[in-house]
Structure formats: structure tokens, C-alpha cells
Amino acid sequence: MQKHADFIEFTQIEPAAPISVARHGWRAKCLQRLIRMDLPVPRTVALPAETVRAIAAGQLVDTQRLASMFGEGMLVSVRPSPENPDWGGPGSVLNVGMNDARHAALRASHGAEAADALYLRFVQLYAIHVARLDPDMFAAEPSGAALVAALAAYEAETDEGFPQSPARQLTEVLRSMARAWESTTARLLRQAKGAPGEAALGLVVQDMALGIGPGFSGSGTIQFVDNVTGAAQVTGRFRGQSQGRKAAQQTLFLTRDPRGPSLEEQAPEIFADLIRHGAASRAKLREEMQLEFTVETGKLSIIDATRVARSSRAQVKIAVALAHDGIISREDALLRVEPRALSELLHYQVDPRAPRDRIARGIAASPGAATGKIVFSAADAQASAARDEPCILVRRETAPEDIRGMHAAVAVLTERGGMTSHAAVIARGLGLPCIVGASQVHMSGRERTLTTEDGRVFRAGDIITVDGTNGEVLAGAAEMLEPALDDGFRTLLRWADNVRDIGIRANADTPDDARTARTFEAEGIGLCRTEHMFFDEDRLTVMREMIFADTSSDRKVALDRLLPMQRADFIALFDIMAGQPVCIRLFDPPLHEFLPHDRDGMRELAEALDRPLSEVTRRAEALSEFNPMLGMRGVRLGITVPEIYDMQARAIFEATVEASRRGAPVVPEIMIPLVSAQREVELVKARIDAVATAVKNEMRATFTYRLGVMVETPRAALRAGEIAEHASFLSFGTNDLTQMTYGLSRDDAGRFMNTYVSQGVYREDPFHILDVEGVGELLLMGAARGRERRPDVTISVCGEHGGNPESIAFCRAAGFDYVSCSPFRVPVARLAAAHFALLAPKKS
């Protein structure tokens, strides 16, 4: 049984009324601010959250008293007003109070067509959203006959005529909207948008400003920036109505336009008022707003104002413009831009206004968009690039030998993989759009086809678009937006640098990567993976000769041929970075990664080395490992095949001397990978020190260098104290450290990770967002133990987590010196670091 409340609160919105966002919601507070600015807002009443909850619970609001606040012939709208506009809410209901009597009066004053349309629209809304009747029965276009049919259908379905009492209509609308907000579906939807499950809803009831009349009338919206670019521009729509006994509608442009009549020409005073109201709203509400308005026989009404919907590039431009105009502070501008949004500005993007023919969806592993012809191998990608034909490399999953193909492609699509799979990591480093884990498609390398779920078949040479920002694969060539590295972008990041308090470096393996890092103003290179330098064709052959050498002296002969190539690589990096720190990781992968994996490749290698095929095959099998990630790689290879690290150290030191002689002094940082014991560091350090001494004597030069350790094994984190005694820095490689802590391959995790996250086994994918409880504890222990033994040791993170905002927050709170991430994630990291510095509690 419903309980009648003697009094349930509601408040007319006036300048001094006690309206708050927490109780009455954002829309009620926004309308009050408009009223305080003397904008022509129709009479509005706000129902607070507790009133709405009471209505949902079955209490009856005194709608007679509420209706009396709007006078005789009440005609109102009811709109939702949650605390945050992003949380959504039930749809607005217009024309509440419309009945036969009001309909007859409107027919006399405004004409039958307008009156029938208003009444029908309300009957349809009421029947579908309040009475919960079948929508198909109330879908007719406006006409007198449609109105009669709708009223008859309502009566047939409910066994009573359409409600004629405005108070009863209002009661039912309020109850319907209140209960819709409390439904399970609505709770789940708003929780997905970040709202708490118990988030409250306010409602606003407002006099209808119909936008029809015998004189110049109509309704529309107006805003003063472009949604996509953020550029200053008057945009919107206005549907004019010239009312006689019959309505004639005309859609007008807002500003003067050669394509047709405009509001600015037909009603210049109203247009000028809108411009003035827009400027006032921007200044007082400290935001770019869209105004919803009506004009009734020349009288302007502002019925609502909402924050302009905007793309990421518009978000940056708007925030910087508001700060430049003194409306908000620079700090506020920084906090208004979501760090991850910057990724969209760095690359081409699919124009959101263009049509999309989606053929598959996967994991958005690297942002940006590109269009090209499908290729199914690295060799085909290189051939396509040589013809200046953009191509998209499609693989079941990528391997190190695909790197050259990835360099040649404009985007990468894989059927398998996750956020930290090989394809994802390399693509982010190269700034390539990439989608991984696109399990909705089936790729056949033999038949060179890509088959979608709906049966469409795409062949090599067909054109597709990869949208790495949204994880969508599109058929054909999509319309694109260019990168937006404009003054607003650079200004925002300059402000970020002024407030952040943790360093940001870039992972860069090539001169192109280093130039990108400088473009995005990274503070040095935090990880240069030297193994990627050996996959070029001319070096790969020499590398394979070294692998097949039988003696140490034979290995040295091959490595001596690689020495000038490595030296040139490092000179190029040092020159580009111009004195900024460059941290070079010594050779890490197992040697078998440099060998072919099929019989044809083995035959070609045997011919190149002038050795029997059986010997080449036997040696390749001997180098293969059951678990290469945990096998002969990193420092283990450097100790058992020391000639490799000797050559790399010499190349680094000779490059240091050459680059320092013609530019800024260079202090290289040399990082030993996969360390798990103090003795490993001692052995490698002794040989590197010897090489440094030899180079100084041979080149009659002096230089300094820093030797450090990449902490990738749990044991290295636990023994960081004794390791730090021989290391100037400890850089946590969180990719491998996460794998070893979890006992989980990042390349295989994509097969079940979604299930694990959805069922709450893991809160997030630990390869995407740093596991602060497990891996994070190892970082904290390692950092603390390292600093205890060596207070001046530099602590950093150089895994893919370094570009993740949540991980940056952890590293900053832990007192790390810097994070290093892919070059194209540097802007994201710079802004995220500024956010955390601004939001952190102030130190007393």
C-alpha cells in the first residue's frame, strides 16, 4: 500500500534558493547559475535526491501543490539531474499537463497541426515510458488521425482513457523516472561510467517553452566551439516555425551562410542575445557550454545548458583556451585533460563524423589509425613499402623476425595476443596503430585470407583500416583526422613539466625512436634494447656467423664486423640526445631468436654460411630451449659468451668519445639484463671496466660511465641491497618481473585474461596496469634495500608500465627517480605525473 507523505520537499529555483549539486544534481545547479546571470530561464522547480528516493519507495508527492506553482493550464517538462552529467539518467518527458482541453486551446491559438503534434508526442512518451506499453503501437508520425489512434490504443490497452488530470500525469511521470533510476540495469550502466551504485538523482520540473507561435518561433541548440577540433566556431541548429492555422517548419543555419537563410539574418537581435548569453555562460560557468533554447513569437528562452561534448583534441584546445583567457587556472586546465586522451592527438585518427564499416574488434594495443593493403608476411610488408604502398601487416601473432615488417607497415593486426604481447609492445614503441587479440577474424597465412565472423573474406592486397584507438578493424579506407601536435598541445605539456616531480624518459632502440623522444621532450633514454639493432639484413648474416663460430677467436672475428655498425648506432643516438642520458641495455635475447624457423630458411642459411644443411639444423636444434624466457639469455649469455658484451661495451665507449668530441659531453649508462645474483654483476663489471680502460688508452681520451642493473627477476629485487653495491642505478623491468612473479607468459595471457578479470581473479590485467600488491611490493622492497646499501642509487621503471598513469602514481609515491616508456607514451606520462603532483597531499 502506498504511503502518502504530508510533505515532500521541492524548491523553486531562484538566485538565492538553497540548491546544491549534491542534493539537487548538476542540472538544477546549472539552471540556478543561468538564472543568477539573468538569462531568460523558464520557471523551474527542483526535487532533491531524498524526495526522488521517497517517490521511488512509493511515497506520493503532493503534485497538486507542485502543479499550482506553474499556474493554470500547467504544461511542463521533467528532466533528470544526477550529481554528474556523465552518469546519464532516465529520458526527459515533455509536455506533461497536455490533455484534451489544453489541446483544444492550442488548436485555436497555434493551429491544428502544431497542437496535434504536441499532444501525440506526449501520449507516445507517456504510453511507452510511464505506462510501459508496446512501443510499436505508438510509433506513428504526427497527424490528427495518428493522435486519435494513439488515444484509442492507450484506452484499449489500459481499460481507461488517457489521464486528463495534469497532477496525476505529473505524479506518474515522477514515479516512473524515480523508479527507472533505481532499476538494476540503470545501476549497472552508471557504475560502468564510474558512478557509485547508490548515486542519487534529482529531478527538475520546468515550464514548457514550446517554441511555436504566430510570430517568429522555433527551437534549437547553439555552442561556440567545434566538438572535434575545439576551434572557436558557432555551431548548432535552429528549426524555425511560422505559425498560422497551419505550421510550416524551416531549418535555419545559425550564422550567415551562402547555402541558405540563417538565424543571424532573420532574427539578428535574438542571435546577438545568444552570443552574449554564450559568452556569459563560458565566463561564469568556467566551461564551454551548449545552450538549448526556444523562441516563441520573438521571445527567447534558455531551457537548458550542458557541457559541450568533445573529442580528445578539442578537450586540450578548450582547456588551454580557457586558461589563456583567465577563466580557469593552468593547474585546472591540466586536471581537465585526461592523460590517456593525449594518445589520440599524436596519431592519425578515424574521423568520428564519418561512417564506419566494422568487420572485427580486438584489443586496442597501440593508438592511432591507418589505412593500407593487407599483407601476411614481413617480406611482403617490406616489398609493399619499397613500392610506396601503405600496408597493414596481418599475422596470427608476431615474433622478433617480424620487426622489419612492422617497421615497413603502417599498422599491425594480430589474431592473438594481449596488451603486452610482442606485437603490442613493439607497435607502441614504433608509434604504429595496432590491434591484437582480434579473435573474431580467422587469418590463413597459407591461403593469404582474412575471414570475418559474418563470412566476408579479405585477401592480400585488399584495403582495410586499423583503428588502434578503439580496437576496431574497418573495411576500406576510412576518413582520417591528422595529428594535433599544435600550440595548445605543447603549451599544456609545458605547464605539466612545471609542476611534475618525477622524471620521464623514453624507451628508444633506433635513431628514429630517439628523434621521436626528443620531439615529445623526454628527459633522456631510459631503455635502449640493443638486440633490435641486429635484425637488419646486413647485420643478421654476421650475427648468424657469430652464432655458428666454433671458437672464441672465430666469434671475435664476426663481432669485429658488427663493431662499427654498433658504434655508428650509438653515435647516432648520442648525437640526437645531445648530452641527455642514454641507458643502453646489453644484449638480452636467446641466440636461437636470430635463426630461421623453417626448412627453407635453414637451407638459405646453410648456403650463406657454406655449411652442410645437417650441421646448420643440428646447431639450431642444440640452441633451442624448452623455455627460452628462462633460459640462456641476458647476463647468462654475457658470462658464457663474453665476447658479445665486450664488443658492445667497446662500441659504446668509442661512440662516447666520438660524440663528446663534436658535441655535448656524453655519460653513457650501461644496463645488465636479467640479473639474479651479485656475482653476475661483479663478473660483467670487471670485463666492462677493462674495456673502458683499453678504449681510454687507445683513443687518448677520458670519459665516465654508469653501470646499472635491470631488475627483472624476483631474486634480484630481494637481493637488491648487495647488487646495488656494484650498480649506480636499478631499473625495474616490470614486463619480465610481472611474468616471473606470476609464472605467466604475457604472450599467452590474452587467452584467459578477460575471464580472470571478469571473475575477479585479478583486478586488472597485470601486464597492462602494475600489480601494486604483488609486483609492486617487490619494487618497494628492492628500492628500499638498494637505497639502504647505496643511498645515491638511482631507481626507475623501464617496462611498459612506465607509461601507464596508475603505475606512474605508484612510482611517484614510492620516490622513484624516473619512469621510462615508449616514445609515443611520453606525453601521457608527462601529464599524468603533473596530475599526481597537483592532487597529492601538500607536505607540511
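Parameters at a glance
Residues numbered from 1 in each chain as written. Predicted model: local features only at pLDDT ≥ 70, side-chain atom pairs only at ≥ 80, totals over all residues. Heavy atoms only, no water. Phe/Tyr/Trp six-rings, centres within 6.5 Å; stacked < 30°, edge-to-face > 60°. Helix = DSSP H or I, 4+ residues; strand = E, 2+ residues; numbered from the N terminus. Buried < 20%, exposed > 50% of the residue type's maximum accessible area, 1.4 Å probe, protein only. Lys NZ or Arg CZ within 6 Å of the ring centre and 35° of its normal. Pairing = 2+ DSSP bridges. Axes fitted to C-alpha atoms, helices over the stretch in contact; angles between N-to-C directions. Expected span 1.5 Å × (residues − 1). Arc of directions from axis to C-beta. Contact = heavy atoms within 4.5 Å. Salt bridge = Lys/Arg side-chain N within 4 Å of Asp/Glu carboxyl O. Polar contact = N/O pair within 3.5 Å; in protein donor to acceptor, adjacent residues only side chain to side chain. Core = buried A, V, L, I, M, F, W, Y, C linked by side-chain atoms within 4.5 Å. Patch = residues over 30% accessible without salt bridge, like charges linked within 9 Å, V, L, I, M, F, W, Y side chains within 5 Å. Areas by Shrake-Rupley, 256 points an atom, 1.4 Å probe, with all protein chains shown as cover. Lys, Arg positive; Asp, Glu negative; His and termini not counted. Charge placed at Lys NZ, Arg CZ, Asp CG, Glu CD. Parallel < 35°, antiparallel > 145°, perpendicular 65-115°, else oblique. Left-handed = near helix turned anticlockwise from the far one by under 90°. Nonpolar A, V, L, I, M, F, W, Y, C, P; charged D, E, K, R; others polar. pLDDT = per-residue confidence, 0-100.

### A few points about the packing of aromatic side chains
Phase 1 of the analysis: Summed over all chains, the structure comprises 17 aromatic pairs.
Phase 2 of the analysis: Their ring planes at 55° and their centres at 6.3 Å tell us that Tyr-126 and Tyr-154 sit as a pair that is tilted. Residue Tyr-126 is found in helix 6 (residues 112–130), and its partner Tyr-154 is found in helix 7 (residues 144–158); the two are separated by 28 residues along the sequence. A single burial state applies to Tyr-126 and to Tyr-154, both of which are buried.
Phase 3 of the analysis: Through pairs of rings, three or more aromatic residues link up here, namely Tyr-119, Phe-122, Tyr-126, Tyr-154 and Phe-162.
Phase 4 of the analysis: Directly above the ring of Tyr-818 sits Arg-505, whose terminal nitrogen or CZ lies 3.9 Å from the centroid.

### A short note on the sheet that holds strand 19 (residues 449–451)
Phase 1 of the analysis: The strand order across the open sheet formed by three strands is 18-19-20, and the pairing between neighbours is antiparallel. Each edge of the open sheet carries a strand with a single partner, namely strand 18 (442–444) and strand 20 (457–459). Shown here is a sheet whose adjacent strand axes are inclined to one another by a mean of 20°, direction ignored.
Phase 2 of the analysis: Two elements, strand 18 and strand 19, share three bridges in a ladder whose sense is antiparallel. Bridge assignment links Met-443 to a residue of strand 19, and that residue is Leu-450.

### What to know about helix 25 (residues 678–699)
Phase 1 of the analysis: For helix 25, with 22 residues, the first-to-last C-alpha span of 32 Å sits near the 32 Å given by 1.5 Å per residue.
Phase 2 of the analysis: Those residues of helix 25 not exposed but buried are Gln-678, Glu-680, Val-681, Val-684, Ile-688, Val-691, Ala-692, Val-695 and Met-699. Mapping the buried residues of helix 25 onto a view down its axis gives an arc of 150°, with all of them on the same face. Residues of helix 25 that are exposed and angled more than 90 degrees away from the buried face: Arg-679 and Asn-697.
Phase 3 of the analysis: Contacts from the buried residues of helix 25 go to helix 23 (635–640), helix 24 (642–662), strand 27 (669–672), strand 28 (706–711) and helix 27 (720–724).

### Some points on the pairing of strand 31 (residues 818–821)
Phase 1 of the analysis: The alternating pattern of strand 31 places Tyr-818 and Ser-820 on one face and Val-819 and Cys-821 on the opposite face, and all of these are buried.
Phase 2 of the analysis: For strand 24 (residues 503–507) and strand 31, the ladder comprises four bridges, and the chain directions are parallel. Across the sheet, residue Ala-506 finds its bridge partner in strand 31, namely Cys-821.
Phase 3 of the analysis: As paired elements, strand 30 (residues 794–797) and strand 31 share two bridges and run parallel to each other. Bridged to Val-797 within strand 31 is Val-819.

### Quick look at the pattern of salt bridges
Phase 1 of the analysis: Across all of its chains, the model carries 73 salt bridges by this definition.
Phase 2 of the analysis: A salt bridge links Glu-415 to Arg-396; the shortest N-O distance between them is 3.6 Å. With Glu-415 in the loop between strand 16 (411–414) and helix 16 (422–430) and Arg-396 in the loop between strand 15 (391–395) and helix 15 (403–408), this residue pair connects regions lying 19 residues apart in the sequence.
Phase 3 of the analysis: Relative accessible area serves as the criterion here: at 28%, Arg-396 is assigned to the partly exposed category.
Phase 4 of the analysis: Each member of the salt-bridge network shares a partner with another, and the members are Arg-286, Glu-287, Arg-307, Arg-310, Asp-332 and Arg-336.

### Some details on the side chain of Thr-734
Phase 1 of the analysis: As for its placement among the helices and strands, Thr-734 is situated in helix 28 (residues 734–742).
Phase 2 of the analysis: Exposure remark for Thr-734: the relative accessible area of 1% places this residue in the buried category.
Phase 3 of the analysis: A polar side-chain atom of Thr-734 sits 2.7 Å from a polar atom in the side chain of His-801.
Phase 4 of the analysis: Not counting the four nearest positions on each side in its chain, Thr-734 is found in contact with Leu-770, Leu-779, Val-797, Gly-799, Glu-800 and His-801.

### Focus: the sheet that holds strand 30
Phase 1 of the analysis: If you trace the eight strands once around the closed barrel, you get 24-25-26-27-28-29-30-31, paired in parallel fashion. Strand-to-strand, the axes of this sheet are offset by a mean angle of 25°, without reference to chain direction.
Phase 2 of the analysis: Here strand 24 pairs with strand 25 (residues 525–529) via two bridges, running parallel. Its bridge partner being in strand 25, Ala-506 is matched across the sheet by Ile-525.

### Notes on the nonpolar core
Phase 1 of the analysis: In this structure, Phe-653 and Leu-730 are the most contacted members of the largest nonpolar core, which totals 128 residues.
Phase 2 of the analysis: Once residues lying within four places of it in the same chain are set aside, the contact partners of Phe-653 are Ile-670, Ile-688, Val-691, Ala-692, Val-695, Phe-703 and Tyr-705.
Phase 3 of the analysis: Judged by nonpolar contacts, the second largest core, of 50 residues, contains Ala-114, Leu-133, Phe-138 and Met-177.

### A short note on unusual backbone geometry
Phase 1 of the analysis: A positive phi angle, near 65°, is found at Asn-95, a position not held by glycine.
Phase 2 of the analysis: Mapped onto the fold, Asn-95 is located in strand 4 (residues 93–96).
Phase 3 of the analysis: Here Asn-95 falls in the buried class, since its relative accessible area comes to 1%.
Phase 4 of the analysis: Its identity as a non-glycine residue notwithstanding, Arg-286 has a phi of 55°, on the positive side.
Phase 5 of the analysis: Mapped onto the secondary structure, Arg-286 falls in the loop between helix 11 (268–285) and strand 9 (289–296).

### What to know about a negative patch on the surface
Phase 1 of the analysis: A cluster of acidic side chains, namely Asp-134, Asp-136, Glu-155, Glu-157 and Asp-159, defines a negative patch on the protein surface.
Phase 2 of the analysis: Residue placement: Glu-157 occurs in helix 7.

### Details of the packing of helix 31 (residues 805–813) against helix 32 (residues 826–839)
Two quantities define a packed helix pair, namely the angle between the helix axes and the distance between the axes.
Phase 1 of the analysis: Viewed as axis vectors pointing N to C, helix 31 and helix 32 meet at an angle of 55°, and their least axial separation amounts to 9 Å. By the criterion of interaxial angle, the relationship of helix 31 to helix 32 is oblique. Of the two elements, helix 31 crosses helix 32, and the hand of that crossing is right-handed. Between helix 31, through Pro-805, Ile-808, Ala-809 and Arg-812, and helix 32, the contact on the second element is made entirely by Val-828, Ala-829, Ala-832, Ala-833, Phe-836 and Ala-837.
Phase 2 of the analysis: For the contact of helix 31 with helix 32, the per-class residue count stands at nine nonpolar, no polar and one charged.

### Thoughts on the environment of Ala-381
Phase 1 of the analysis: Checked against the element boundaries, Ala-381 lands in helix 14 (residues 378–386).
Phase 2 of the analysis: Residue Ala-381 is classed as buried on the basis of its relative accessible area, which comes to 0%.
Phase 3 of the analysis: In the structure, Ala-381 is positioned 28 residues away from Ala-409 in sequence and 5.8 Å away in space, judged by C-alpha atoms.
Phase 4 of the analysis: Among residues more than four places away in sequence, those in contact with Ala-381 are Val-375, Cys-391, Gly-405 and Ala-408.

### Some details on the pairing of strand 9
Phase 1 of the analysis: Note: strand 6 (residues 217–225) against strand 9, five bridges, orientation antiparallel. Bridging from a neighbouring strand, Gly-218 pairs with Val-295 of strand 9.
Phase 2 of the analysis: Where strand 9 and strand 10 (residues 299–307) come together, eight bridges link them in antiparallel fashion. Residue pairing for strand 10: Glu-292 is matched across the bridge by Asp-304.
Phase 3 of the analysis: Taken together, strand 9 and the strand that follows it, strand 10, pair antiparallel across an intervening segment of two residues, in which Thr-297 is found at a positive phi of about 50°.

### Side note on the confidence of the model for the protein chain
Phase 1 of the analysis: In this model, the protein chain carries a mean pLDDT of 91, and residues with pLDDT of at least 70 account for 98%.
Phase 2 of the analysis: Here residues 1–7 scores under 50 on pLDDT; set against residues more than four positions off or in separate chains, the count is eleven contacts.
Phase 3 of the analysis: Residue range residues 242–248 is modelled with pLDDT below 50. Its contacts to residues more than four positions away, or to other chains, number 18 contacts.

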